Amino acid sequence: MEYQKAAELNGLCNGKIVTEYLCRNGFSELTVDAKKVAVQHKNETSRKEAEDESRLPALEEAYTTILRGLGENTDRQGLLKTPLRAAKAMQFLTKGYHETIYDVLNDAIFDEDHEELVIVKDIDMFSLCEHHLVPFFGKVHIGYLPSKKVVGLSKLARIVEIYSRRLQVQERLTKQIAMAISEALQPVGVAVVIEAAHMCMVMRGVQKMNSRTVTSAMLGAFREDPKAREEFLALTKSA
Amino acid sequence: MERSKQKQMNQNENETDAAINGHFDGRVKIPGWSAGGAAGNPSTAPSSSVMESWREERTRSLEDNEMSLPSIAAAYTTILRGLGEDPQRQGLLKTPWRAATAMQFFTKGYQEKIIDVLNDAIFDEDHDEMVIVKDIDMFSMCEHHLVPIFGRVHIGYLPNKRVLGLSKLARIVEIYSRRLQVQERLTKQIAVAITEALQPAGVGVVIEATHMCMVMRGVQKMNSKTVTSTMLGVFREDPKTRDEFLTLIRS
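None of the values given here were measured: they were computed from a predicted structure. (Residues numbered from 1 in each chain as written. Chains lettered and ligands numbered in written order. Predicted model: local features only at pLDDT ≥ 70, side-chain atom pairs only at ≥ 80, totals over all residues. Heavy atoms only, no water.)

Colleague: Got a minute to help me understand the layout of surface pockets in this structure?
Modeller: Think of a ball as big as a water molecule: rolled over the atoms, this probe shows where empty space is left. One number sums up the size of the largest pocket: a volume of about 860 Å³. Along the walls of the largest pocket sit 30 residues, with Phe137 and Arg212 of chain A together with Phe150, Thr210 and Lys225 of chain B positioned nearest its centre. At the level of elements, strand E2 (118-129), strand E3 (135-145), strand E6 (189-198) and helix H9 (199-202) of chain A together with strand E2 (131-142), strand E3 (148-158), strand E6 (202-211) and helix H7 (212-215) of chain B are the ones that each hand at least two residues to the lining of the largest pocket. Of the residues assigned to the lining of the largest pocket, the class counts are 14 nonpolar, 7 polar and 9 charged. (1 Å grid on protein atoms, 1.4 Å probe; cavity = no way out; pocket = protein on both sides within 12 Å on 5 of 7 lines; lining within 4 Å. Points joined across faces, edges and corners; volume = space filled by probe spheres on them. Helix = DSSP H or I, 4+ residues; strand = E, 2+ residues; numbered from the N terminus. Nonpolar A, V, L, I, M, F, W, Y, C, P; charged D, E, K, R; others polar.)

Colleague: Please clarify how empty space enclosed by the protein should be interpreted in this entry.
Modeller: As enumerated under the stated definition, the model contains 7 cavities of 30 Å³ or more in all. Here the largest cavity is characterised by a volume of approximately 200 Å³. Forming the boundary of the largest cavity are 20 residues, of which Met90 and Leu133 of chain A together with Met103, Met141 and Leu146 of chain B lie nearest the centre. For the lining of the largest cavity, the secondary structure elements donating two or more residues are helix H5 (82-93) of chain A together with helix H3 (95-106) of chain B. Taken together, the residues of the lining of the largest cavity break down into 18 nonpolar, 2 polar and no charged. Split by domain, the lining of the largest cavity shows at least three residues from each of two domains, domain 1 (62-109) and domain 2 (115-249) of chain B. (Domains from an automatic or database assignment.)

Colleague: Please explain the interface of chain B and chain A as it appears in this structure.
Modeller: By a widespread convention, an interface's size corresponds to the accessible area lost as its parts come together. Facing 59 residues of chain B, the contacting portion of chain A comprises 53 residues. Taken together, the links from chain B to chain A amount to 2 salt bridges. With its nearest N and O atoms 2.9 Å apart, the salt bridge here joins Glu130 of chain A to Arg89 of chain B. Viewed at the interface, chain A and chain B are joined by 14 residue pairs in polar contact (both at pLDDT 80 or more). (Contact = heavy atoms within 4.5 Å. Salt bridge = Lys/Arg side-chain N within 4 Å of Asp/Glu carboxyl O. Polar contact = N/O pair within 3.5 Å; in protein donor to acceptor, adjacent residues only side chain to side chain.)

Colleague: Is there a simple way to think about the domain arrangement of chain B in this case?
Modeller: Residues and elements named next belong to chain B. Per the domain assignment, the segments making up chain B are domain 1 (62-109) and domain 2 (115-249). Computed from C-alpha coordinates alone, the two centres of domain 1 and domain 2 are separated by 31 Å. Both faces combined, the contact of domain 1 with domain 2 buries some 580 Å², and carbon together with sulfur accounts for 65% of it. Broken down residue by residue, the surface that domain 1 buries against domain 2 is led by Met103, Phe106 and Gly109, which jointly contribute 67%. At the boundary of domain 1 and domain 2, one finds 1 salt bridge. Counting across the interface, domain 1 meets domain 2 through 4 residue pairs in polar contact (both at pLDDT 80 or more). Taken together, the residues of the side of domain 1 that touches domain 2 sort by class into 3 nonpolar, 2 polar and 1 charged. (Buried area = accessible area lost by both parts, 1.4 Å probe.)

Colleague: Mind showing me how you'd approach the environment of Asp225 of chain A here?
Modeller: All names here are of chain A. As for its position among the elements, Asp225 is in the loop between helix H10 (221-224) and helix H11 (226-236). Counting along the chain gives 29 residues from Asp225 to Ala196, while the straight-line C-alpha distance between them is 26 Å. In this structure the side chain of Asp225 is engaged in a polar contact, spanning 3.0 Å, whose partner is the backbone nitrogen of Lys227.

Colleague: I tried to follow the state of the cysteines on my own but got confused; where do I start?
Modeller: Each disulfide consists of one covalent bond between the sulfur atoms belonging to two cysteines. One pass over the structure, following the stated rule, counts 0 disulfides over all chains. With no disulfide of its own, Cys200 of chain A lies closest to Cys129 of chain A among cysteine sulfurs, the gap being 4.0 Å. Residue classification places Cys200 of chain A among the buried residues on the basis of a relative accessible area of 12%. You can see Cys213 of chain B has no disulfide; the closest cysteine sulfur is in Cys142 of chain B, sitting 3.9 Å from it. (Disulfide = S-S within 2.5 Å. Buried < 20%, exposed > 50% of the residue type's maximum accessible area, 1.4 Å probe, protein only.)

Have a look at this one:
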């Protein structure tokens, strides 16, 4: 049962909420849906930390099978504890399933009479490709136009952490971050740009060392007003 | 292939390296298809020295890969469940197979032998100045966390009448890096392979790499790099040669 919840959790943006939003094409409608989403968020069963410990032996065994299947000698000194370390590493790299937005954000929303663009850029992001279980990493640039409510700046980075420490697809990650911010703050607009290098493309497959994938999500004023979008993109462009 | 005595090299410290990566003397049996399954006990089998490394038996073949794919894929399905994900959702349906194939690709160094790669490309050339191939992109897997390591390898050697095809240096790097590795050992293996193949006057290998196990987890230091080097022969004894090498790779 919890598996389904996790799937919903990560699959949220593939589901109904986003399509409804896209159909209506207006940001103010989102507030009506926000309550629906809020209820859904509170029902999220995030994976409990205690469960991590209990799942460790199964993960260790799986990693031992993998090492043997690759032809390695699991008794040699360097590999003796590798299944345990790899299992813990993998749990750390998917710890975003533990956390919900409400845990992280609830206290840090402030009323501030500010309506100009707020940007937090060059947030380092590390995630796992859900197709190959290989890392992809890069930078996230977030901008939003507050509507009387601002959020603590580090909370933007924490939102990135929550969603990126999962098995992800870059497109979905971008959208989830944008949706989380828009739902929490109801700002005038949100823009998220992610530029990442995918190890599944660099280390294997086509093996293109220098390629980068860029995805963006523009909501609200950033979608409708080209000038706002231009300003955001100009400010996040690194020299 | 005659084994020349390399007086300037310290053989003792190399001997243990042979057993470590588990493949040099071919005694490692892949447990999946032998009855009873346990891999060879390192202490009972004879350990051959690294000097014989390029006579190593190939321990993995393409058939081995195909045969072990289902069990590795099943292991990945277990891992996905263990992390709380739903292996039946659309994005994850074929992930166990993709991840298993990817992992086999990342360890394809076990399938190759140095001798296959090098045999034809050693030429007699009356050249005794330094030859450097630098900025060779290298991708490996940390043997402790099974997380990628990537970086650059710089190789320099002083030929002794025999030179090596340049791309063969990069192929040597590929063979040794596409394994479960420790950066120190990787550096040494590359240096020793070149030494064995060419018997040059000296070899220098420098690797500068980023370890995802340090960047993505643990201490989480984004900009840290690990640099290791192995200097053999003239590079070890003569500081001027070493200086020239280090200056040239820096420029």
